Each structure stands twice: as structure tokens, then as C-alpha cells.
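# Topology and contacts: notes
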Amino acid sequence: MATVKIKQIGSPIRRPESQRKILIGLGLNKMNKIVERQDTPEVRGAIAKIPHLVQVID
């Protein structure tokens, strides 16, 4: 299955708790950290909820 690389570009400080939980669910917790996840609708939905905090890397 295809994978997607996700980079955290925003800080969770002063963000709603739900957005912080989404970052943790994706495995992100520090600025500029990059994780690789399977490209599923669930992961794409999580990315869509916090586009100001993450960036998809090709």
C-alpha cells in the first residue's frame, strides 16, 4: 500500500485540544518532525483537519 510523508510545520501551543490529539494520533509532537504513514482515508482526513499544522511531503 502507498505511504504518505507528513511533516509538522506548526506548533500545537494555543491550539484546541482536539487538534493536539490529532497531531499525537499521527505520531507528531515536535516541530519539523517527519513521519511516514499508510495512505488511508483516515490519515487523509486527519491531515485535512489540521492543514495549518502539517505539510505533506512528496
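Overview of the structure.

A word on helix H1 (residues 17–26). In an α-helix, one full turn covers 3.6 residues, which means residues spaced three or four apart are oriented alike. Among all positions of H1, only Gln19, Ile22, Leu23 and Leu26 are buried. Within H1, the buried residues cover an arc of 100° as seen down the axis, which keeps them to one side. Turned more than 90 degrees off the buried face of H1, the exposed positions are Lys21, Ile24 and Gly25. Here the buried face of H1 lies against strand E1 (3–8), strand E2 (34–38), helix H2 (41–49) and strand E3 (54–57). Two residues or fewer after H1 comes glycine 27, characterised by a positive phi angle close to 90°.

Counted according to the given criterion, the structure contains one salt bridge. Residue aspartate 39 pairs with arginine 44 through a salt bridge whose shortest N-O separation is 2.7 Å.

In this section: the sheet that holds E1. In space, the three strands of this open sheet follow the order E2-E1-E3, with antiparallel pairing throughout. Edge positions in the sheet fall to E2 and E3, since each has one partner strand and no second. Shown here is a sheet whose adjacent strand axes are inclined to one another by a mean of 35°, direction ignored. With four bridges joining them, E1 and E3 adopt antiparallel strand pairing. Looking at E3, one finds that lysine 5 is bridged to isoleucine 57.

Looking now at unusual backbone geometry. Of note, the phi angle at arginine 14 is positive, near 65°, even though the residue is not glycine. Summarising the element assignment, arginine 14 is placed in the loop between E1 and H1. For asparagine 32, which is not a glycine, the phi torsion comes out positive at approximately 65°. Within the element layout of this structure, asparagine 32 appears in the loop between H1 and E2. Judged by its relative accessible area of 49%, asparagine 32 is partly exposed.

Definitions and cut-offs
Residues numbered from 1 in each chain as written. Predicted model: local features only at pLDDT ≥ 70, side-chain atom pairs only at ≥ 80, totals over all residues. Heavy atoms only, no water. Buried < 20%, exposed > 50% of the residue type's maximum accessible area, 1.4 Å probe, protein only. Helix = DSSP H or I, 4+ residues; strand = E, 2+ residues; numbered from the N terminus. Arc of directions from axis to C-beta. Contact = heavy atoms within 4.5 Å. Salt bridge = Lys/Arg side-chain N within 4 Å of Asp/Glu carboxyl O. Pairing = 2+ DSSP bridges. Axes fitted to C-alpha atoms, helices over the stretch in contact; angles between N-to-C directions.

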